[in-house]
Amino acid sequence: MPHLVRVGAVAALAAFAYAALHPASAGGQWLAEAAVAPAVQPPLPSLAGATAWINSPPLTAKALQGKVVLVDFWTYSCINCLRTLPYVKAWAQKYGEHGLVVIGAHTPEFDFERSVSNVQRAVKDLQIRYPVAVDSQQTLWNAFGTQAWPTFYFVDATGRIRYRQLGEGRYDQAERMIQELLREAGQRQVPDDLVVPQATGTQAAVGPRPPASDETYLGWARGDGFVAAAGELRDGGPRSYTAAPQLRLNQWTLAGRWRVDTQQLSLAQPGGSISYRFRARDLHLVLGPGPDGRPVRFRIRLDGQPPGADHGSDVLTDGSGTVETYRLYQLVRQAADGRERLFEIEFLDADVQAHAFTFG
């Protein structure tokens, strides 16, 4: 399958020509495009390719005729997707009685997100009530022609895709589209105000300034920015790594015995660590426990000290925390936005799986 590209803090409402868009990775440029109706409005593709449905029996394009539909392509470890969820949930609740059907199409980026049980757990933890189509084989992703997480598709009551939105932001325009399509469908008394959700943790809004650190993958295939005291990041193992004595901005290093696979790092012995020099308000890390599911304890430091008030929602002020399930963990939320810091995470137990850093 082609490489899946996550659009970061991009707000683009556009036609179906990618040439008109300028997506950026998390921490890159923040761009916006005005809404443009596509010259050709394709029909809602078949939903039969979903491997499972959560919160609903299987839905079909035919059964959705007469409804306005919002299809949200997301994946549960994506910080950009998580930050859109408060709006999607609010729209589903606000406009459901007026004929809106929201479908979350969950298409995985990492292998652990293919597991239906993992997605079910995430949907429950994130308090998602609307239907979720589990797209573990990327069938729906390909049918829609999707290329980024998150992507919204707005479908009118005749079953035609009227708009597509990539990335975060422009929530006011997205909600205005929903209102417009509902009124076109003959719905009366559609509210004309806008939702203002108040979210916390990983679902809280991005900081006022774009981060200077980009999403960073830790597997062998895309291990950009890695440095060590000696040697390179190598596929396989486990091997012993010695941390680089100094890091420049957006460089990272390892200490301890690690196995390096295409999508992830696996710690072979307790006491291994990952360090990263970053500049952003928030730092997140996609983590999971070992194959047996046993929790993995960790401790983080910022510039060699416990994080204190700069701890994330998954960390205590002393820097301690536990990896219990596969998901994105918010490890740092700085009180002073965007200072450059040296982040270190030490794992007190073996077998942790580490996938990617993201920032906000």
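A brief report on the enclosed structure follows. (Residues numbered from 1 in each chain as written. Predicted model: local features only at pLDDT ≥ 70, side-chain atom pairs only at ≥ 80, totals over all residues. Heavy atoms only, no water.)

Moving on: the overall build of the chain. Within the chain, the regular secondary structure consists of four helices and 19 strands. Within the chain, buried positions represent 54% of all 360 residues. Of all intrachain contacts in the chain linking residues separated by at least 6 positions in sequence, the fraction that spans at least 24 positions is 72%. When the accessible area of the chain is evaluated, it comes to approximately 15,000 Å², of which 49% is carbon and sulfur surface. (Helix = DSSP H or I, 4+ residues; strand = E, 2+ residues; numbered from the N terminus. Buried < 20%, exposed > 50% of the residue type's maximum accessible area, 1.4 Å probe, protein only. Contact = heavy atoms within 4.5 Å. Areas by Shrake-Rupley, 256 points an atom, 1.4 Å probe, with all protein chains shown as cover.)

On to the nonpolar core. Trp74, Trp91, Leu100, Ile103 and Phe154 are the most contacted members of the largest nonpolar core, which totals 62 residues. Ranked by the residues each element gives to this core, the list is headed by helix 1 (residues 79-95), at eight residues. Ignoring sequence-local partners within four residues, the contact set of phenylalanine 154 consists of Val69, Leu70, Arg160, Ile161, Arg162, Tyr163, Arg164, Gln165, Ala174, Met177, Ile178 and Leu181. Ile274, Tyr276, Val332 and Ile345 belong to the second-largest nonpolar core, a separate cluster that totals 34 residues. (Core = buried A, V, L, I, M, F, W, Y, C linked by side-chain atoms within 4.5 Å.)

Quick look at unusual backbone geometry now. Omega for the bond connecting tryptophan 149 with proline 150 falls within 30 degrees of zero, at -15°, which places this linkage in the cis form. Its place among the elements puts proline 150 in the loop between helix 3 (139-144) and strand 7 (151-155). In the segment running from glycine 237 into proline 238, the intervening peptide bond is cis, with an omega of 10°. Tracing the sequence through the fold places proline 238 in strand 10 (residues 236-241). Residue glutamine 127 is not a glycine yet carries a positive backbone phi of 60°. With respect to the helices and strands, the residue glutamine 127 is situated in the loop between helix 2 (116-125) and strand 6 (132-134). Positive phi is not limited to glycine here, since arginine 170 has a value of about 55°.

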